[in-house]
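The chain contents come next:
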Amino acid sequence: VPASVPVDNPAQPANSPIQGVVLLSSNTALRTNSGRAYAGRVELEGDDIRIESGTLIEAKGAKKGGVVLVGGDWQGSGTMRQATSVSMSADSLIDASASDFGDGGKVVLWSEVANDQSVTTVSGRIFARGGVNGGNGGQVETSGYELRLGDKVAVSTKAFLGQDGEWLLDPNDIVITDPSWTGFNYATSGNTT
């Protein structure tokens, strides 16, 4: 679901690519679920991507979780345009889990790690769990030149009857805003790398 809302910029030629803001808010729901097979794919491209106000993005599949790419692909690979700023509010949810027998999917929240102005802020819930009847956990990546994890972030790549997945944090800088953080008081499961 490529989406862009233009930023008011009179210097930008009318035929140039939109350099804009993607805003999902007011309980927006994007779903590419499958109750019988493989989940679909959601891609959000833009310079500034904001997932706010109770937004729900689902790519859940009975046999395999789907793919949700926000601001870029895994470790910046592929041809997606990379965002400068990505943010996810505490009341938002992204779920790319398998729902029956299958592996969890892939979720990436990415802003350009080579750009020292790039920031990824994550405060919501992200799931890429394996199916309840079998399958491995999926992959979650939250990366940017600066990575900010809010006090409400919850990530799970848990496998109920398989191998847990991974959560990749890959910033130049990481800012943890909770001074009492010990590494154990966040709601995470799966391997954190």
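The rules behind these values
- Residues numbered from 1 in each chain as written.
- Predicted model: local features only at pLDDT ≥ 70, side-chain atom pairs only at ≥ 80, totals over all residues.
- Heavy atoms only, no water.
- Salt bridge = Lys/Arg side-chain N within 4 Å of Asp/Glu carboxyl O.
- Helix = DSSP H or I, 4+ residues; strand = E, 2+ residues; numbered from the N terminus.
- Buried < 20%, exposed > 50% of the residue type's maximum accessible area, 1.4 Å probe, protein only.
- Patch = residues over 30% accessible without salt bridge, like charges linked within 9 Å, V, L, I, M, F, W, Y side chains within 5 Å.
- Areas by Shrake-Rupley, 256 points an atom, 1.4 Å probe, with all protein chains shown as cover.
- pLDDT = per-residue confidence, 0-100.
- Contact = heavy atoms within 4.5 Å.

Turning our eyes to something else, we now look at the pattern of salt bridges. One pass over the structure, following the stated rule, counts 8 salt bridges. Two residues, R31 and E58, come together in a salt bridge whose shortest N-O distance is 3.2 Å. One end of the pair, R31, is in strand 3 (residues 29-31); the other, E58, is in strand 6 (residues 56-58), and 27 residues separate them in sequence. What makes R31 exposed here is its relative accessible area of 54%. What makes E58 buried here is its relative accessible area of 11%. Its salt-bridge partner being D48, residue R50 comes within 2.5 Å of it at the nearest N-O pair. With relative accessibility at 15%, the residue D48 sits in the buried group. Taken together, the shared-partner salt bridges connect R31, E58 and K60 into one network.

Moving on, we come to a nonpolar patch on the surface. Judged by side-chain polarity, V132, F160 and L161 come together as a nonpolar surface patch covering roughly 310 Å² of accessible area. Overall, the relative accessible area of 46% leaves V132 in the partly exposed class.

When pLDDT is averaged along the protein, the result is 85, and 79% of the positions lie at 70 or above. The model gives residues 1-18 a pLDDT under 50, and that stretch makes 22 contacts with residues more than four places away or in other chains. Within the model, pLDDT remains below 50 along residues 184-193, and this stretch shows 32 contacts once partners closer than five positions in the same chain are excluded.

Moving on to unusual backbone geometry. One non-glycine residue with positive phi stands out, namely N27, at about 60°. Residue classification places N27 among the exposed residues on the basis of a relative accessible area of 59%. Even without glycine at this site, S53 takes up a positive phi of about 50°. For S53, the location among the structural elements is in the loop between strand 5 (48-51) and strand 6.

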